[in-house]
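Residue-level listing of the chains:
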Amino acid sequence: MTEEVRITIVGAGVVGCAIAYELSKDFNENIVVIEKNSQINGENQSSRNSGVIHAGIFYSKDFSPLKSKLCIEGNRLLYDFCEKNNVAFKKTGKLVIATENIELEYLDDVFKTANENGVEGIKYLDQDEIKRFEPNVSGIAALYVPSSGIVESTQLVTKLYKVAESNGVIFLTENELIDAEYKNSFFNITVKSRNLIEKFKTKILINSAGLYSDQIAKMLNKQLGLEIEPIKGDYAKFYCNKRPDIHLNGLNIYPVPFGYYPNGERAVIPFQQFLELFKQDKVTKSLGVHLSPTFDFSAYNPNSIYNPKSISNKSIGKELLFNYKNNTYNIGSTVLIGPAYSKPQNKEDYKNSRKEEYFYNMIKPFFPNIMLDDISIFQTGIRAKLKNLKDFVIEADSSMHGLINLIGIDSPGLTSSLAIAKYIRNVVKYII
Ligand SMILES: Cc1cc2nc3c(=O)[nH]c(=O)nc-3n(C[C@H](O)[C@H](O)[C@H](O)COP(=O)(O)OP(=O)(O)OC[C@H]3O[C@@H](n4cnc5c(N)ncnc54)[C@H](O)[C@@H]3O)c2cc1C
């Protein structure tokens, strides 16, 4: 590696790869991405998520202005990128379901936030209208959100990385940043590269290290008051084909977001009371355990006639199914159930904590005919949530020219990734 790098990005999750992609479009600079994992496939947060393209209805301008802005912008950019770059996606629409009277005010708040954010096409649904969208889903009222969808997140990360690489960005896997120091207007970077320790200098350092972004920021500024408080999110699966009697039509089905106390117990309180506690950080708001369709696969056939829309994943022996009649990907044979949140032991605690019963109890109110046997435990993701803060932190450090920290990029970071990347591009243009 050259001793001096112009721009270094730490972390090749969806955000680091999106930034590399965006900067590679018109910066005639040398750009290096360092990634501690051995592959660039979104392991960590970027593939262990719901894969939901959020519409921007949950993040208010008052409490999380960056999430609100970047989610709305990211939603449009993501659909456009996927369409142009053959990444599997589908605009499925979403139902946000209220099942009890106490939830109606919470539902109104989602509607208000969506309107303030300028999300188009939202409609209130009554009990019968819910059934017209999803006959096997129940509620007393709901919101229909047309611009929500799903994306195959591993494909997205891989595509961003491949395009950036073909534009000249260098990706170094199995390279972990272990130390950083600011001296004479440069960052001196130390990386563990397999079994070797290597050092280089960089002019601009973009810290996009997900769960570890707080630790990297603190290597440079010990006074930094930000801390990632990781949250574990367990998933289960429901194989629809096993229960054709409770077929789902492929929308994202969410309960109404509700408050939760620090011990994980649901705060069953009127909305105004919740709002007071939320402002004081005494409760958190959770989108809840929801149902999201996933993309259908067939076994990968190396001898099949070339299909330009099918996306093969030889490593797992599967191929995404594309329906030429409808010009869309097949989805919904398997439905994700989750995330069920809990506190992990540490940032690497990927052991599943929630049993089938937990998922069952969470979804039963709006998906009443599901049975315990229909639920199979799946994977776990860990969110890089900031302690006592509700928004993303994306900032250039004024005391160290060239340092840009992205800390607490939790949900809706997948949806927002391309908007975050454009935001960073402007910051880089300004400081370069
Ligand atoms: C359970 C769950 C559900 C979610 N659901 C959704 C959803 O439906 N929709 C949505 O929009 N968002 C969702 N999110 C949020 C979204 O997944 C994240 O915001 C997004 O993936 C963050 O991407 P990232 O690149 O910042 O982080 P990551 O994907 O965590 O990537 C960070 C990278 O940095 C690397 N790294 C860390 N430390 C170092 C180091 N010292 N040196 C080198 N490399 C390092 C890591 O190996 C990793 O590859 C969800 C998140 C979780 C956990």
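Visitor: Describe in detail the overall build of the protein chain, supporting the description with residues and values.
Guide: Counting its secondary structure elements, the protein chain contains nine helices and 26 strands. Over its C-alpha atoms the protein chain spans a radius of gyration of 22 Å, differing by no more than 12% from the 22 Å that the globule rule assigns to 432 residues. Projecting the C-alpha coordinates of the protein chain onto the three principal axes gives extents of approximately 65 × 60 × 40 Å. Considering only intrachain contacts with a sequence separation of at least 6, the fraction spanning at least 24 residues in the protein chain is 75%.

Visitor: Help me get a handle on helix α6 (residues 213-220), residues and values and all.
Guide: Among all positions in α6, only Ser213, Asp214, Ile216 and Ala217 are buried. Mapping the buried residues of α6 onto a view down its axis gives an arc of 165°, with all of them on the same face.

Visitor: Residue-level account of the environment of Lys192, with values.
Guide: Tracing the chain through its elements places Lys192 in strand β11 (residues 186-193). Take Lys192: there are 15 C-beta atoms within 10 Å of it, and that puts it in the partly exposed class. For the pair formed by Lys192 and Asp179, sequence separation is 13 residues and the distance between their alpha carbons is 9.3 Å. Setting aside residues no more than four positions away along its own chain, Lys192 makes contact with Glu176, Ile178 and Ile197.

Visitor: Report on the packing of helix α1 (residues 14-26) against helix α9 (residues 413-431), specifying residues and quantitative values.
Guide: At a minimum axis distance of 8 Å, the contact between α1 and α9 shows a crossing angle of 45°. By the angle between their directions, the pair α1 and α9 is classed as oblique. With respect to the hand of their crossing, α1 and α9 are arranged in right-handed fashion. Contacts from Val14, Val15, Ala18, Ile19, Tyr21, Glu22 and Leu23 of α1 reach α9 at Gly413, Leu414, Ser417, Leu418, Ile420, Ala421, Lys422, Ile424, Arg425 and Val428. The class makeup of the residues in the contact of α1 with α9 is twelve nonpolar, two polar and three charged.

Visitor: Can you lay out the site of the ligand for me, pointing to particular residues and giving the numbers?
Guide: Lining the immediate environment of the ligand, one finds 41 residues, of which Gly11, Gly13, Gly210, Gly233 and Gly413 sit closest. Class assignment for the residues of the shell around the ligand results in 16 nonpolar, 19 polar and six charged. Both domains that furnish three or more residues to the shell around the ligand are identified here as domain 1 (1-90 + 150-229 + 387-432) and domain 2 (94-146 + 231-383).

Visitor: Tell me about the sheet that holds strand β3 (residues 52-53), and name the residues and values.
Guide: Backbone-to-backbone hydrogen bonds join strands into a sheet, with any given pair of strands oriented parallel or antiparallel. Pairing is antiparallel across the open sheet formed by three strands, whose spatial order is β3-β8-β4. Since the sheet does not close on itself, it has two edges, and those belong to β3 and β4 (89-90), each with one partner. Alignment of β4 against strand β8 (residues 149-151), held across two bridges, turns out to be antiparallel. Its bridge partner being in β8, Phe89 is matched across the sheet by Val151.

Visitor: Which residues make up the domain arrangement of the protein chain, and what are the values?
Guide: Split by domain assignment, the protein chain resolves into domain 1 (1-90 + 150-229 + 387-432) and domain 2 (94-146 + 231-383). Relative placement of domain 1 and domain 2: their C-alpha centres are 26 Å apart. At the junction of the two partners, domain 1 supplies 24 residues and domain 2 supplies 33 residues. Residue classes in the side of domain 1 that touches domain 2 are distributed as eight nonpolar, eleven polar and five charged.

Visitor: Summarise the packing of α1 against helix α5 (residues 153-166); cite the residues concerned and give the values.
Guide: In the contact formed by α1 and α5, the axes pass within 8 Å of each other and the chain directions differ by 35°. The two elements α1 and α5 meet at a crossing, and its hand is left-handed. Every residue of α5 that contacts α1 at Val14, Cys17, Ala18, Ala20, Tyr21 and Ser24 is listed here: Ser153, Leu156, Val157, Leu160, Tyr161, Val163 and Ala164.

Visitor: Give a detailed account of unusual backbone geometry, specifying residues and quantitative values.
Guide: With the exception of glycine, most residues fall at negative phi, and the peptide bonds are largely trans. At the junction of Gly338 and Pro339, the peptide bond is cis and its omega measures out at -10° in the coordinates. Among the secondary structure elements, Pro339 is positioned in strand β23 (residues 331-342). Of note, the bond from Ser411 into Pro412 is cis; its omega dihedral lies within 30 degrees of zero at 10°. One can find Pro412 in the loop between β26 (403-407) and α9. Of note, Asn44 is a non-glycine position whose phi angle comes to about 85°, a positive value.

Visitor: Talk me through the environment of Phe171; I want residue IDs and the actual numbers.
Guide: One can find Phe171 in strand β9 (residues 170-172). Take Phe171: there are 20 C-beta atoms within 10 Å of it, and that puts it in the buried class. Taking the C-alpha atoms as reference, Phe171 lies 41 Å from Ile363; in sequence the two are 192 residues apart. Setting aside anything within four residues of it in sequence, one finds Phe171 in contact with Ala12, Val33, Glu35, Ile40, Tyr161 and Glu165.

Visitor: Lay out the pairing of β11 in plain terms, naming residues and giving numbers.
Guide: Where strand β10 (residues 175-183) and β11 come together, eight bridges link them in antiparallel fashion. Counted as the bridge partner of Asn175 is Ser193 from β11. Linking β10 back to β11 in an antiparallel pair, the connection comprises two residues, with Asn184 at a positive phi of about 50°. Connecting β11 to the next strand, strand β12 (residues 196-207), in antiparallel fashion are two residues, including Arg194 with a positive phi near 50°.

Visitor: Now, about the nonpolar core: what can you tell me, with residues and values included?
Guide: By size, the foremost hydrophobic cluster in this structure holds 114 residues, and its most contacted members are Cys17, Ala18, Ala20, Val96, Ile97 and Ile337. Here this core spans two domains, since at least three of its residues come from each of domain 1 (1-90 + 150-229 + 387-432) and domain 2 (94-146 + 231-383). What Ile337 contacts, discounting residues up to four positions off in sequence, is Tyr235, Ala236, Lys237, Phe238, Val289, Leu291, Phe359, Ile363 and Ile375.

Reading the values: rules and limits
Residues numbered from 1 in each chain as written. Predicted model: local features only at pLDDT ≥ 70, side-chain atom pairs only at ≥ 80, totals over all residues. Helix = DSSP H or I, 4+ residues; strand = E, 2+ residues; numbered from the N terminus. Rg over C-alpha atoms; globule rule 2.2 N^0.38 Å. Contact = placed C-beta atoms within 7 Å. Buried ≥ 20, exposed ≤ 12 C-beta atoms within 10 Å, placed from the backbone. Arc of directions from axis to C-beta. Axes fitted to C-alpha atoms, helices over the stretch in contact; angles between N-to-C directions. Parallel < 35°, antiparallel > 145°, perpendicular 65-115°, else oblique. Left-handed = near helix turned anticlockwise from the far one by under 90°. Nonpolar A, V, L, I, M, F, W, Y, C, P; charged D, E, K, R; others polar. Near = placed C-beta within 6 Å. Domains from an automatic or database assignment. Pairing = 2+ DSSP bridges. Core = buried A, V, L, I, M, F, W, Y, C linked by C-beta atoms within 7 Å.

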